[in-house]
Amino acid sequence: MTEVAWNPLYGVPVYPAERYASLAHRIGRLLRTDNDVLLVQAEAVVALEAVATSLARPGLSALNVVTSPYGSWFGQWLRRGGANVIDIVAQPGRPIEAVAVAVALDANPNVRALALVHAESASGILNPLPEIIALAKARGIVTIVDAVASVGGHPLEVDALGIDIAVIGPQKALGGPAGVSALSVGQNAWELILHDDAPHNSILALADLKTWADAGRDALPGTPAPLELFALEAALDRVEAEGLGQVLARHEKAAFASRAGLTALGANLWVPAEQGSNLVTTVSLPSGMEATPIIGFAARLGVEFTPGVGTGSSHLVRINHTGARATFQAVLANIVAYGAALRQAGLPADIGTASEAVANAYSD
Ligand SMILES: *Cc1c(COP(=O)(O)O)cnc(C)c1O
């Protein structure tokens, strides 16, 4: 008989149920909110689908800002539940303009909910969140923010801005696990969600999670996945030890240094810095150059670049500086790799000056 080794990952201890409430409380602190914080034992896109499914119903009108596939999925989930959805779609890979949202709200006075993504990891853009939330608040509209990419990378002041629902995942700027996510839900949102036909007895039912929160959060609905919960706790420990302010500053610095280095290389930034996220910088390649060979060249140096997302994006390359990559070393490697790729293609690039620009950004 062959002996099969027993991997210790099979026998993970139970996550102590009395610590769920503390996880929720600590996430609320990161989001700067006193609203209910709910845990979802799945990746963040499931939490987003739960929000749309729980809000949607015939008769509800929603304005849905689309700046990536996540936004278009959110609109589809709302429609599936019978809601009347007005999509406002930004130019590909660009942020939405607050004025476009104001015009759409004025044209659709029945809108009761507005959804948008804060920062996009797909394109590296930042939407004008405070302006858009203020437009919605002035009209009494419930706001839903996909902050999965932005949490830890950009300030996210849920209560100060008045965000009714904020959805986050720990696996991007917070550097945590991908299999658990969270959301905050305020009173106005609960009033919209809790109605006679609200979904129940479903992994997508926020009403069920409210029952959990109201009952003191001492047991999760469903079967707890201890590995994910221990990993979430470890990520929160690390973020708190570093300090949220420092995590945010680290991402801001990485974005600034990346743009300084790229500019010194003569690269074209896809969006101006004030429209860019602190997570990813997208560059527009010189004409005639395609993304694939650049990405392949960087990969041979151990540097991961990714292609642009969406139609007409084959000339875009995304340079990631999120989470563990928001450091001097990772940013410098990105810039050197990009410069070397340009030179390999026969284009001029002053890698020395660009490296110095990165170093200068870090030595202020
Ligand atoms: C990554 C991401 C998601 C999806 O998160 P998963 O945890 O991968 O499901 C949703 N929205 C935005 C803006 C993201 O960047």
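Shown above is the structure to which this text applies.
Predicted, not measured: the structure shown is a model, and the values here were computed from it.

Participant: Where do I start with the sheet that holds strand β3 (residues 84-89) in this structure?
Facilitator: In sheet architecture, strand pairing relies on hydrogen bonds along the backbone and comes in two forms, parallel and antiparallel. Ordered by their spatial adjacency, seven strands build an open sheet running β1-β7-β6-β5-β4-β2-β3, and the pairing between neighbours is mixed. Edge positions in the sheet fall to β1 (36-40) and β3, since each has one partner strand and no second. On average, adjacent strands in this sheet sit at an angle of 15 degrees to one another, irrespective of strand direction. In terms of strand pairing, strand β5 (residues 142-146) meets strand β6 (residues 165-168) through three bridges, oriented parallel. Considered in β6, the bridge of Val 145 is made with Ala 166.

Participant: Help me understand the packing of helix α2 (residues 44-55) against helix α3 (residues 69-80), please; the structure alone is not making it clear to me.
Facilitator: When two helices pack together, their arrangement is given by the angle between their axes and by how far apart the axes lie. Where α2 meets α3, the axes come as close as 8 Å, and the angle between the chain directions of the two elements is 35 degrees. As for how α2 packs across α3, the hand of that crossing is right-handed. Residues Val 45, Leu 48, Glu 49, Val 51, Ala 52, Thr 53 and Leu 55 of α2 lie in contact with α3, whose contacting residues are Tyr 70, Trp 73, Phe 74, Trp 77, Leu 78 and Arg 80. Residue composition of the contact of α2 with α3, by class: 10 nonpolar, one polar and two charged.

Participant: Would you mind showing me how to read the nonpolar core here?
Facilitator: One broad rule of soluble globular proteins: the nonpolar side chains tend to lie buried together. Core analysis: the largest hydrophobic core is formed by 85 residues, its most contacted members being Val 101 and Ile 165. Element by element, the count of residues in this core is highest for α2, at eight residues. Two domains share this core, each providing at least three of its residues, namely domain 1 (6-242) and domain 2 (244-363). Apart from residues no more than four positions distant in its own chain, Val 101 is found in contact with Leu 63, Val 65, Ile 88, Ile 96, Leu 114, Ile 132 and Leu 135.

Participant: How do you make sense of unusual backbone geometry when you look at a structure like this?
Facilitator: Negative phi values dominate among residues other than glycine, just as trans dominates among peptide bonds. The phi dihedral of Arg 32 falls on the positive side, at around 55 degrees, and the residue is not glycine. When you line up the elements, Arg 32 lands in the loop between α1 (20-31) and β1. What makes Arg 32 partly exposed here is its relative accessible area of 43%. The phi angle at Arg 217 is positive, at roughly 60 degrees, despite the residue not being glycine. On the secondary structure map, Arg 217 appears in the loop between α8 (206-214) and α9 (226-242).

Participant: I tried to follow a nonpolar patch on the surface on my own but got confused; where do I start?
Facilitator: Taken together, the side chains of Trp 6, Leu 9, Tyr 10 and Leu 227 make up a nonpolar region of the molecular surface, amounting to roughly 530 Å² of accessible area. Within the fold, Leu 9 resides in the segment before α1.

Participant: What should I look at first to understand the environment of Gln 344 in this one?
Facilitator: Along the chain, Gln 344 falls in helix α12 (residues 328-344). For the pair Gln 344 and Phe 297, spaced 47 residues apart in sequence, the C-alpha separation works out to 8.8 Å.

Participant: What am I meant to see in helix α5 (residues 129-138) here?
Facilitator: What sets the pattern is the α-helix's 3.6 residues per turn: residues three or four places apart point alike. Taken residue by residue, α5 has Leu 129, Ile 132, Ile 133, Leu 135 and Ala 136 as its buried positions. End-on, the buried residues of α5 take up no more than an arc of 155 degrees, which puts them together on one face. The inward-facing, buried residues of α5 contact α4 (98-107), β4 (113-117), β5 and α6 (158-161). The positive-phi residue at the C-terminal boundary of α5 is Gly 140, with phi of around 70 degrees.

Criteria and cut-off values
- Residues numbered from 1 in each chain as written.
- Predicted model: local features only at pLDDT ≥ 70, side-chain atom pairs only at ≥ 80, totals over all residues.
- Heavy atoms only, no water.
- Pairing = 2+ DSSP bridges.
- Helix = DSSP H or I, 4+ residues; strand = E, 2+ residues; numbered from the N terminus.
- Axes fitted to C-alpha atoms, helices over the stretch in contact; angles between N-to-C directions.
- Left-handed = near helix turned anticlockwise from the far one by under 90°.
- Contact = heavy atoms within 4.5 Å.
- Nonpolar A, V, L, I, M, F, W, Y, C, P; charged D, E, K, R; others polar.
- Core = buried A, V, L, I, M, F, W, Y, C linked by side-chain atoms within 4.5 Å.
- Buried < 20%, exposed > 50% of the residue type's maximum accessible area, 1.4 Å probe, protein only.
- Domains from an automatic or database assignment.
- Patch = residues over 30% accessible without salt bridge, like charges linked within 9 Å, V, L, I, M, F, W, Y side chains within 5 Å.
- Areas by Shrake-Rupley, 256 points an atom, 1.4 Å probe, with all protein chains shown as cover.
- Salt bridge = Lys/Arg side-chain N within 4 Å of Asp/Glu carboxyl O.
- Arc of directions from axis to C-beta.

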